Amino acid sequence: MTIVGVPAGWPATEEEARAVQDELRGRVVSDEPGPPPGTGRVTGVDVAYDDELDLVAAAAVVLDAATLDVVAEATAVGRVSFPYVPGLLAFRELPTVVAVLDRLPCPPGLVVCDGYGLAHPRRFGLASHLGVLKDLPTIGVAKNPFTFTYDDPEPARGSSAPLLAGAEEVGRALRTRDGVKPVFVSVGHRVSLAGALAHTLALTPRFRLPETTRRADALCRQALRQATQGHAPR
C-alpha cells in the first residue's frame, strides 16, 4: 500500500496555515451558477482517521447525476498532515483528498464535501480550499451547524433558513426529509448558494444526507480498515 506523504512546504504551524487561508480565500468564486443539478457527474469525498496510527483514508465516489449510479471510485491513504486545530482541519486531510481525486479515471464534475465551505470561521473551509486548489465546482454539506445559528426551517422537504454568523448569511439550513433535522449547505467554489441547495436536494431522494456523502463515507471507512489491519500504532 502506498502512503500519501505530506507535500514539501506544507504548513507546519497555525500561523503558516492561516497565511495560506488568507492568500487563497480571495480566489473563491461564489457568483458562478455551477453545473445544472441532475446533469453530468457529481462526486462525493470523505475521510476517516486512525489517530493512533496517524493515518487518514480518503474516498471519492463519482455518481451519474441523473441516476445516482456509481460511475467510478477511488481511495487513498496518507499521513495526517497537520495537528488538530479548529478552523484548520482541512490541512490535516487535503493532501490525501487531492491524491484521491487525482486517482479517478474520469473528471469528477461537481464535488460535494462532507463539511463546510464559506460556512467557516475564516470563510474558507475544506470545500472552498479544495475547490480553489483543483479549480473545481465544490459545495459543502455538513451534518451540524458548527458555530453558526439558524432558525428551524419549515418541516417540509426543501424548506431552508439562513445559517448566520451574526447578521451575515454563510449558508443555509436545508430540510432534505420531511420533519427531519436539516443539513447545512454552503458554497465552496464556482457554485452559487442557490445551486448548492438545488444539488443537495437532487442528491437526497431518500435519505437526509446526500448519496455522494453516504457512499464516500462507507468507502473511506472500508479503506481505513484495510489499511490498518495488522498495524501497530506508531
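What counts, and where the lines are drawn
- Residues numbered from 1 in each chain as written.
- Predicted model: local features only at pLDDT ≥ 70, side-chain atom pairs only at ≥ 80, totals over all residues.
- Heavy atoms only, no water.
- Helix = DSSP H or I, 4+ residues; strand = E, 2+ residues; numbered from the N terminus.
- Expected span 1.5 Å × (residues − 1).
- Buried < 20%, exposed > 50% of the residue type's maximum accessible area, 1.4 Å probe, protein only.
- Arc of directions from axis to C-beta.
- Contact = heavy atoms within 4.5 Å.
- 1 Å grid on protein atoms, 1.4 Å probe; cavity = no way out; pocket = protein on both sides within 12 Å on 5 of 7 lines; lining within 4 Å.
- Points joined across faces, edges and corners; volume = space filled by probe spheres on them.
- Nonpolar A, V, L, I, M, F, W, Y, C, P; charged D, E, K, R; others polar.
- Pairing = 2+ DSSP bridges.
- Axes fitted to C-alpha atoms, helices over the stretch in contact; angles between N-to-C directions.
- UniProt positions renumbered as here; feature names shortened; annotations may be inferred.
- Polar contact = N/O pair within 3.5 Å; in protein donor to acceptor, adjacent residues only side chain to side chain.

## Some remarks on helix H1 (residues 14-25)
Between its first and last C-alpha atoms H1 spans 16 Å; for 12 residues at 1.5 Å apiece the expected length is 16 Å, and the two agree. Buried within H1 are the following residues: Ala17, Gln21 and Leu24. Looking straight down H1, one finds its buried side chains confined to an arc of 80 degrees; they lie on one side. In this structure, H1 carries Glu15 and Glu23 as exposed residues pointing more than 90 degrees from its buried face. For H1, the secondary structure elements touched by its buried residues are helix H2 (90-102) and helix H3 (126-134).

## Comments concerning empty space enclosed by the protein
Scanning the model with the defined rule gives one cavity of 30 Å³ or more in all. Counted as a void, the largest cavity has a volume near 70 Å³. Sorting the residues of the lining of the largest cavity by element identifies strand E2 (41-50) and helix H4 (193-202) as the ones contributing at least two each. In terms of residue class, the lining of the largest cavity is built from eight nonpolar, three polar and one charged.

## Details of the sheet that holds strand E3 (residues 55-64)
In a beta sheet, neighbouring strands are held together by backbone hydrogen bonds and run either parallel or antiparallel to one another. Strand order in the open sheet formed by nine strands is E1-E4-E3-E2-E5-E6-E9-E8-E7, and the pairing between neighbours is mixed. Strands at the two margins of the open sheet, each flanked by one partner only, are strand E1 (3-4) and strand E7 (160-165). Examined bridge by bridge, E1 and strand E4 (residues 70-79) share two bridges and lie parallel to one another. Following the sheet pairing, valine 4 is matched in E4 by glycine 78. Contacting E2, strand E5 (110-113), strand E6 (138-142) and strand E9 (183-189), H3 runs over the sheet at an angle of about 25 degrees to E9. Packing of helix H5 (residues 211-228) onto the sheet brings it into contact with E2, E3, E4 and E5, and relative to E2 it is tilted by some 40 degrees.

## Regarding the UniProt feature "binding site: Mg(2+)" (unreviewed entry) in the protein chain
The sites that UniProt annotates as "binding site: Mg(2+)" (unreviewed entry) are Asp46 and Asp114. The annotated residues occupy 69 residues of the chain but converge on a single region, no pair of C-alpha atoms lying more than 6.0 Å apart. If you take the residues mentioned a moment ago, the ones lining the largest pocket come down to Asp46 and Asp114. Apart from the residues lying within four places of it in its own chain, the contact partners of aspartate 46 are Ala57, Ala58, Ala59, Asp114, Thr213, Ala216, Asp217 and Cys220. By the element assignment, aspartate 114 lies in the loop between E5 and H3. Leaving out residues up to four positions away in the same chain, aspartate 114 has contacts with Val45, Asp46, Val141, Lys143 and Thr213. A polar side-chain atom of aspartate 114 sits 2.7 Å from a polar atom in the side chain of lysine 143.

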